[in-house]
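Overview (structure and organization)
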Amino acid sequence: MKKTKWNKFDAAWMLNLFGTAVGAGVLFLPINAGMGGFWPLVVMAILVGPMTYFAHRGLAYFVLSSKNPGSDITEVVEEHFGKTAGKLITLLYFFAIFPILLIYGNGITNTVDSFIVNQLGMASPNRVLLSFVLIAVLISVMLFNEKVMLKITEWLVYPLVLILFVLSIYLIPEWNSSMLQEFPTASGFLTTLWVTIPVLVFSFNHSPAISSFTCSQYREYKEFDLTERHIEHTEKGTSTILLFFVMFFVFSCVLTLTPEELLAAKEQNISILSFLANKFDNPYISYFGPLVAFLAITSSFFGHYMGAREGLEGLYLKMKGESVNRKKLNYATALFFLFTLWGVAIINPSILGLIESLGGPIIAMILFIMPMYAIRKIPAMKRYQGRFSNVFVTIMGLIAISAVVYGLL
């Protein structure tokens, strides 16, 4: 097989997928993942790379398997599983992603408001006006053509990667061995792994952008085999940079703090950067914290918007059952998202975290289980049968779902 070469198009999508995965959750990941100690974290770091790559590759294969090349995930679901199941899965897909979009609309308002008050020392702006301007700007970016949107995401992700990396290195002199000396029992070790796997799955999750990514790759390369190779190539790059930059940041934070301090950060319900800024009384970290949060939320917003828009438009087309003007539909969905996100940002509810955790099992089902089921049952996907990675993805998906359900109960 001919070696696939890197090009600007693949690199832009790699950064877009990275940006989709690295949402505000990365600022809480060191707290959630580090609570169980250092050694379970090492095993997680070994597992999460292959999990991320194989699961997202499987979902991209699923989208690519349509007999109508360029179909999005909502159309492929209906083609493979029939109209009723298609509507149900599209509905679940939308409701798994839409709440996260609500969280980001609310989160970006809180982040900017907090920065204006705490870092700039100014009065809190009018929340109604602030939230409208921020959300309207984010959504208007999504109305540009694909190349403009990818370019804007690139500009956001470069500083995000750089700041995460610089902060990880900056903390190295503060590393201590307190975490290395904590040895959990065998049952404690396995329990920690079990309940932390969903945290890692959702911190590395970029499934909302996979359908748009796959369709975009097909439009660019036009041949099935060539598209498939570039998808694998780009997804491998995304998983690698996610693993390196995110886990380096997690390890650096965890080695800087003691288990007691991580517990205190969790109880205070603040991000790891806010906790570090307070601990070291460091103005740089207190300024970088909101900047990382702003970049992470904005870049992740774009990827989740693509998935939510696809789900909503797919539902509308399935209910309508006739051809519609896609441009008009695009503007209509943009208005729907603008007003719903704006409304939630004004209300500023505290229940959003719960909604996100409820979407967790659905995301895991769509990302891990559905493509693996399709590989076994759908003739168009028979070419992917017999791989060990299929078994691995199915097992990790079932573990993630069981741990999320356990956490909710």
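Residues numbered from 1 in each chain as written. Predicted model: local features only at pLDDT ≥ 70, side-chain atom pairs only at ≥ 80, totals over all residues. Heavy atoms only, no water.

- Under an unreviewed UniProt entry, the protein has the name Serine transporter and belongs to Rodentibacter mrazii.
- Within the UniProt record for the protein, the comment given under Subcellular location (unreviewed entry) is "Cell inner membrane".
- Per UniProt, the protein has the following entry under Catalytic activity (unreviewed entry): "L-serine(in) + H(+)(in) = L-serine(out) + H(+)(out)". (UniProt positions renumbered as here; feature names shortened; annotations may be inferred.)

**Looking at the overall build of the protein**
- Secondary structure assignment for the protein yields 16 helices and zero strands.
- Dimensions of the protein, computed from C-alpha atoms along their principal axes, come out at roughly 60 × 50 × 45 Å.
- Per-residue burial over the protein gives 55% buried out of 409 residues.
- As presented, the protein carries roughly 18,100 Å² of accessible surface, and 66% of it is formed by carbon and sulfur atoms.
- On the protein, the mean spot of the 28 positive side-chain charges and the mean spot of the 24 negative ones are 10 Å from each other. (Helix = DSSP H or I, 4+ residues; strand = E, 2+ residues; numbered from the N terminus. Buried < 20%, exposed > 50% of the residue type's maximum accessible area, 1.4 Å probe, protein only. Areas by Shrake-Rupley, 256 points an atom, 1.4 Å probe, with all protein chains shown as cover. Lys, Arg positive; Asp, Glu negative; His and termini not counted. Charge placed at Lys NZ, Arg CZ, Asp CG, Glu CD.)

**Describing helix 11 (residues 259–268)**
- Residues P259, E261, L262 and A265 constitute the buried set of helix 11. Within helix 11, the buried residues cover an arc of 165 degrees as seen down the axis, which keeps them to one side. In helix 11, those exposed residues whose orientation departs by more than 90 degrees from the buried face are E260 and E267.
- Contact partners of the buried residues in helix 11: helix 2 (29–34), helix 10 (224–256) and helix 12 (272–280). (Arc of directions from axis to C-beta. Contact = heavy atoms within 4.5 Å.)

**Quick word on unusual backbone geometry**
- One non-glycine residue, K222, adopts positive backbone phi at about 65 degrees.
- As for its position among the elements, K222 is in the loop between helix 9 (210–221) and helix 10.
- A residue is classified by how much of its surface remains accessible, and K222, at 59% relative accessible area, is exposed.
- The phi dihedral of N348 is positive, around 55 degrees, even though this residue is not glycine.

**With respect to the side chain of T90**
- Within the secondary structure, T90 is located in helix 5 (residues 83–119).
- Among the polar contacts made by the side chain of T90, one reaches the main-chain carbonyl oxygen of G86 at a distance of 2.7 Å.
- Other than its neighbours up to four places away in sequence, T90 contacts T74, G311, G314, L315 and K318. (Polar contact = N/O pair within 3.5 Å; in protein donor to acceptor, adjacent residues only side chain to side chain.)

**Some points on the confidence of the model for the protein**
- When pLDDT is averaged across the protein, the result is 89; 97% of the residues are at 70 or more.
- In the model of the protein, helix 12 stands out as the element of lowest mean pLDDT, 82, in contrast to helix 6 (residues 127–142), which has the highest, 95. (pLDDT = per-residue confidence, 0-100.)

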